[in-house]
Amino acid sequence: AQSVTQLGSHVSVSEGALVLLRCNYSSSVPPYLFWYVQYPNQGLQLLLKYTTGATLVKGINGFEAEFKKSETSFHLTKPSAHMSDAAEYFCAVRMGGGNTPLVFGKGTRLSVIA
Amino acid sequence: DVKVTQSSRYLVKRTGEKVFLECVQDMDHENMFWYRQDPGLGLRLIYFSYDVKMKEKGDIPEGYSVSREKKERFSLILESASTNQTSMYLCASSYPGGMGRGEQFFGPGTRLTVL
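Residues numbered from 1 in each chain as written. Chains lettered and ligands numbered in written order. Predicted model: local features only at pLDDT ≥ 70, side-chain atom pairs only at ≥ 80, totals over all residues. Heavy atoms only, no water.

Draft legend 1. Looking closely at the interface of chain B and chain A. Contact residues are listed per partner, giving 25 residues for chain B and 21 residues for chain A. Of the roughly 1800 Å² buried where chain B meets chain A, counting both sides, 53% is carbon and sulfur surface. The interface formed by chain B and chain A includes one salt bridge. The closest approach of N and O atoms between Glu103(B) and Lys49(A), which form a salt bridge, is 2.8 Å. Between chain B and chain A we count five residue pairs in polar contact (both at pLDDT 80 or more) in total. Elements supplying a minimum of two residues to the side of chain B that touches chain A: strand S4 (31-38) and strand S5 (42-49) of chain B. When grouped by side-chain class, the residues that make up the side of chain B that touches chain A number 12 nonpolar, nine polar and four charged. (Contact = heavy atoms within 4.5 Å. Buried area = accessible area lost by both parts, 1.4 Å probe. Salt bridge = Lys/Arg side-chain N within 4 Å of Asp/Glu carboxyl O. Polar contact = N/O pair within 3.5 Å; in protein donor to acceptor, adjacent residues only side chain to side chain. Helix = DSSP H or I, 4+ residues; strand = E, 2+ residues; numbered from the N terminus. Nonpolar A, V, L, I, M, F, W, Y, C, P; charged D, E, K, R; others polar.)

Draft legend 2. Structural view of the sheet that holds strand S6 (residues 56-58) of chain A. All names here are of chain A. Judged by pairing direction, the sheet is antiparallel, and its five strands sit side by side in the order S1-S3-S8-S7-S6 without closing on themselves. Here the strands that pair on one side only, and so sit at the sheet edges, are strand S1 (3-7) and S6. Neighbouring strand axes in the sheet, compared pairwise and without regard to direction, differ in orientation by 20 degrees on average. Alignment of strand S7 (residues 64-68) against strand S8 (residues 73-78), held across five bridges, turns out to be antiparallel. Residue Lys68 lies in a different strand from S8, and its bridge partner there is Ser73. (Pairing = 2+ DSSP bridges. Axes fitted to C-alpha atoms, helices over the stretch in contact; angles between N-to-C directions.)

Draft legend 3. Quick peek at the pattern of salt bridges. Residue and element names in this part refer to chain B. With the rule as written, the count across this model stands at 10 salt bridges over all chains. Between Glu30 and Lys71 there is a salt bridge, and its shortest N-O distance comes to 3.1 Å. Taken together, the positions of Glu30 in the loop between strand S3 (19-25) and S4 and Lys71 in the loop between strand S7 (65-70) and strand S8 (73-78) put the pair 41 residues apart, joining distant regions of the chain. By relative accessible area, which is 25% here, Glu30 ends up partly exposed. Looking at Lys71, the relative accessible area reads 23%, which means it is partly exposed. Of the charged contacts in the structure, one is a salt bridge between Asp38 and Arg44, with a shortest N-O distance of 2.8 Å. Where salt bridges share partners, they join Asp28, Glu30 and Lys71 into one cluster. (Buried < 20%, exposed > 50% of the residue type's maximum accessible area, 1.4 Å probe, protein only.)

Draft legend 4. Main features of the state of the cysteines. Across all of its chains, the model carries two disulfides over all chains by this definition. Each sulfur of the disulfide joining Cys23(A) and Cys91(A) lies 1.9 Å from the other. One quick way to see it: the torsion about the S-S bond of Cys23(A) and Cys91(A) is about -65 degrees, and its sign makes the bridge left-handed. Linking Cys23(A) in strand S3 (residues 19-26) with Cys91(A) in strand S9 (residues 87-94), this pair joins segments that are 68 residues apart in sequence. A sulfur-sulfur separation of 1.9 Å characterises the disulfide bridge that pairs Cys23(B) with Cys91(B). (Disulfide = S-S within 2.5 Å.)

Draft legend 5. Spotlight on the packing of aromatic side chains. In total, this model carries 12 aromatic pairs over all chains according to the counting rule given. Cluster of aromatic residues (ring-pair linked, three or more members): Phe34(A), Tyr36(A), Phe104(A), Phe33(B), Tyr35(B), Phe48(B) and Phe106(B). (Phe/Tyr/Trp six-rings, centres within 6.5 Å; stacked < 30°, edge-to-face > 60°.)

Draft legend 6. Summary view of the pairing of S8(B). Residues and elements named next belong to chain B. Counting buried positions along S8 gives five out of six residues, so the element sits mostly inside the fold. With six bridges joining them, S3 and S8 adopt antiparallel strand pairing. Each bridged residue has a counterpart across the sheet, and for Val19 the counterpart in S8 is Leu78. Linking S7 to S8, which pair antiparallel, is a turn of two residues.

That is the geometry; function is a separate question.
Rendered as structure tokens:
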């Protein structure tokens with residue numbers, strides 16, 4: 001069975017510090033990988049995605065993520081946190097073709113301290 | 001831009017009531033999904049549909065049913081609401097198969113409270 005693990009349900013960083021949110025997945029086939037962000041009382045918004053090609057993917061709001069096949073990881077980073085980055089972040093994986101739904105991690109809530 | 005709308009942002013119902021949550025997308029997507037979101041549990045798939053009148057059970061279908069009579073509309077039905085169905089409900093849609101590689105587009109969510 002496919003699964004997605006996000007390490008840390010809550011991460012707290014100071015404004016201006018590096019943001020690192022971890023995501024590992026289990027898969028026997030090459031996956032498609034996504035990071036979504038959810039601001040309070042809103043739906044999910046796509047931050048970035050990896051499908052094929054370059055393993056370092058850049059997204060919106062200065063975020064990026066690197067697909068590391070050997071580590072089965074897709075960690076999300078941002079060099080300098082801003083107060084507006086405070087939100088919940090979800091990693092999602094699609095393994096298999098056709099109409100296979102995404103499998104989501106349980107989410108990581110990011111707090112940014114002034 | 002893809003737009004996914006949900007009929008209500010907040011809803012309060014009584015135990016035993018029949019509840020309808022409506023979702024509409026305007027991008028001609030074949031696939032539509034219903035999730036519930038609870039603290040610490042992330043998003044859990046209730047049902048999805050890959051075509052009109054087609055439906056597939058997700059991970060937690062018990063207590064729910066769905067209807068898809070038109071391509072753009074996907075309804076979630078709680079036949080007899082219970083307090084343990086108090087949650088945030090999220091609808092999503094996507095292109096079929098390899099198109100878009102499975103990227104899902106989400107509505108704003110409906111926060112349902114069952115008293």
